[in-house]
Amino acid sequence: MSRLPVPNINGNLFDVTGKVVAITGAGQGIGRTLAEGFASAGAKVVAVDLNGDLLDETKAILDKAGADSATVTTDVAAENAPDRIVEACMDLGGRVDCLMNNAGIMSYTDPRTIADEELDRMIEINFKAPIRIMRAVFPVMEQQRYGSVINTGSSWSSRASVFNQSGGGVDYCAVKAGLQSYTRGAAQAMAEHHVRVNAIAPGGVDTPMHAHHRDFLMEYEKYIPLGRMTVAEDLVGTSIYLASDASAYITGQTIHVNGGMIMVD
Ligand SMILES: NC(=O)c1ccc[n+]([C@@H]2O[C@H](COP(=O)([O-])OP(=O)(O)OC[C@H]3O[C@@H](n4cnc5c(N)ncnc54)[C@H](O)[C@@H]3O)[C@@H](O)[C@H]2O)c1
C-alpha cells in the first residue's frame, strides 16, 4: 500500500481551485449555495437536479462567479443518473475530485400510517441514489488515488427527531442515519485507495424543503446555542474543508454543522 501524501502546509491547504466537484440537488436551497461557494472558490462545478428550470438559475449564478460549470438534469434515482454525472465531470475536467450527495427529500408522515410508496421513495432518493452515485465515482477516484465524497446526513438523525413531536420525520431520520452509517463503511472500504468519504449533518436550514412547516422549524431557533438557525452558507466552509487537502487525514466522519443544536462526540 502506498503512503498517503503529507499535506503541504506551505501552500493554501483549503485550495479547491480547478477541482471537479459534482453537487446533486443544486437547483435550490443548500445545494445551490454549495455550488456557488465552490464556484467562488475556483472549483469546476457539475450541478445536478431534477428541476431543469431551477438548474438554469443555478447555472447563471455559476457563470456570474466565472466558474467552469455544467448541469445535469436528472432524477438522482434514475438508472442512468450515476453514469451521466460521471460523464459530465469527465467532460468538464477529466476527473472527479469531489462528489456531494446533497439531493434529498423530507417526509413528516406518521410512522403508523406511512404508505409503502412514500417509504420507498424516501429510501430511493435519500439512501439508494447516493450509494449508486458513489458506486459510479469510486472507480474513477480509485484510479486517481484521490477523491472526497461528502454525503448529506442530518443532525436530526443522531437523536430522535424533534419533528417526531408531530408524529413524523421518523423515516427521514432513520434513512439519513443509514447514510451516515454507510459513509463509515464506505470510508473504510476506500481508504487504501486514498479516497475519503465523510458526511455533513446540517441543523435546521430555512430552505424550500421546509416551506410547509416553516413556523414549526423556526420555533427551534431559541434552542440553538450559537443564536440562530443554520443557513446554507454555514455549510460551505465545512464542505470546502472536506473537499480540500486540509482534511486529507479525515475520513468516515460525520461533521455536524448546527450551531450547537446537538453536540455529539
Ligand atoms: N433544510 C434543512 O433543514 C436540512 C437539514 C438537514 C439536512 N438537510 C438535507 O440537505 C439536503 C438539501 O436540503 P435542502 O433543504 O436544500 O432541500 P430543498 O428541498 O430546498 O432542495 C433540494 C433540491 O434537491 C432537488 N431534488 C429533490 N429530489 C431530487 C431527485 N430525486 N433528483 C434530483 N434532484 C432532486 C430539488 O429539486 C431541490 O432543488 C437534503 O439532503 C436534506 O435532507 C436539510
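What comes next is a walk through the structure. (Residues numbered from 1 in each chain as written. Predicted model: local features only at pLDDT ≥ 70, side-chain atom pairs only at ≥ 80, totals over all residues. Heavy atoms only, no water.)

1. Some thoughts on the packing of helix 1 (residues 29-40) against helix 2 (residues 52-64)
Consideration 1: Two numbers describe how helix 1 lies on helix 2: the axes approach to 9 Å, and their chain directions differ by 20 degrees. Taken together, the axis directions place helix 1 and helix 2 in an arrangement best described as roughly parallel. In this structure, the crossing between helix 1 and helix 2 has a hand that is right-handed. For the pair formed by helix 1 and helix 2, the contact residues are Arg-32, Ala-35, Glu-36 and Ala-39 on the first element and Leu-54, Glu-57, Thr-58, Ile-61 and Leu-62 on the second.
Consideration 2: Residue composition of the contact of helix 1 with helix 2, grouped by class: five nonpolar, one polar and three charged. (Axes fitted to C-alpha atoms, helices over the stretch in contact; angles between N-to-C directions. Helix = DSSP H or I, 4+ residues; strand = E, 2+ residues; numbered from the N terminus. Parallel < 35°, antiparallel > 145°, perpendicular 65-115°, else oblique. Left-handed = near helix turned anticlockwise from the far one by under 90°. Contact = heavy atoms within 4.5 Å. Nonpolar A, V, L, I, M, F, W, Y, C, P; charged D, E, K, R; others polar.)

2. Overview of the sheet that holds strand 2 (residues 44-49)
Consideration 1: One open sheet holds the seven strands; their spatial order is 3-2-1-4-5-6-7, and the pairing between them is parallel. Single-partner strands in this sheet number two, and they are strand 3 (69-73) and strand 7 (254-257). Averaged over all pairs of adjacent strands, the angle between their axes in this sheet comes to 15 degrees, without regard to strand direction.
Consideration 2: Relative to the sheet, helix 1 contacts strand 1 (20-24), strand 2, strand 4 (98-101) and strand 6 (195-202), its axis offset from that of strand 1 by approximately 170 degrees.
Consideration 3: Across the sheet, helix 5 (residues 170-190) touches strand 5 (147-152), strand 6 and strand 7, and the angle it forms with strand 6 is around 160 degrees. (Pairing = 2+ DSSP bridges.)

3. Here we look at helix 1
Consideration 1: Over its 12 residues, helix 1 runs 17 Å from end to end, which matches the ideal 16 Å to within 8%, given 1.5 Å per residue.
Consideration 2: Of all 12 residues in helix 1, nine are buried, a share of seventy percent or more.
Consideration 3: Restricting attention to buried positions, one finds in helix 1 the residues Ile-30, Gly-31, Arg-32, Thr-33, Leu-34, Ala-35, Gly-37, Phe-38 and Ala-39.
Consideration 4: On the buried face of helix 1, the contacting elements are strand 1, strand 2, helix 2, strand 4, strand 6 and helix 7 (234-243).
Consideration 5: Among the residues trailing helix 1, Gly-42 stands out with phi positive, at a value near 100 degrees. (Expected span 1.5 Å × (residues − 1). Buried < 20%, exposed > 50% of the residue type's maximum accessible area, 1.4 Å probe, protein only.)

4. Some thoughts on the site of the ligand
Consideration 1: Neighbouring the ligand are 29 residues, the closest being Asp-49, Tyr-172, Val-205, Thr-207 and His-210.
Consideration 2: Within the side chain of Gln-28, a nitrogen or oxygen atom sits 3.3 Å from an oxygen atom of the ligand.
Consideration 3: One of the side-chain nitrogen or oxygen atoms of Asp-75 is found 2.9 Å away from a nitrogen atom of the ligand.
Consideration 4: Surface burial for the ligand is 95%, taken as the share of its 830 Å² of free accessible area covered by protein chains.
Consideration 5: Taken together, the elements giving at least two residues each to the shell around the ligand come down to helix 1, helix 4 (116-144) and helix 5.
Consideration 6: Of the residues that constitute the shell around the ligand, the class distribution is 11 nonpolar, 14 polar and four charged. (Near = heavy atom within 4 Å. Polar contact = N/O pair within 3.5 Å; in protein donor to acceptor, adjacent residues only side chain to side chain. Areas by Shrake-Rupley, 256 points an atom, 1.4 Å probe, with all protein chains shown as cover.)

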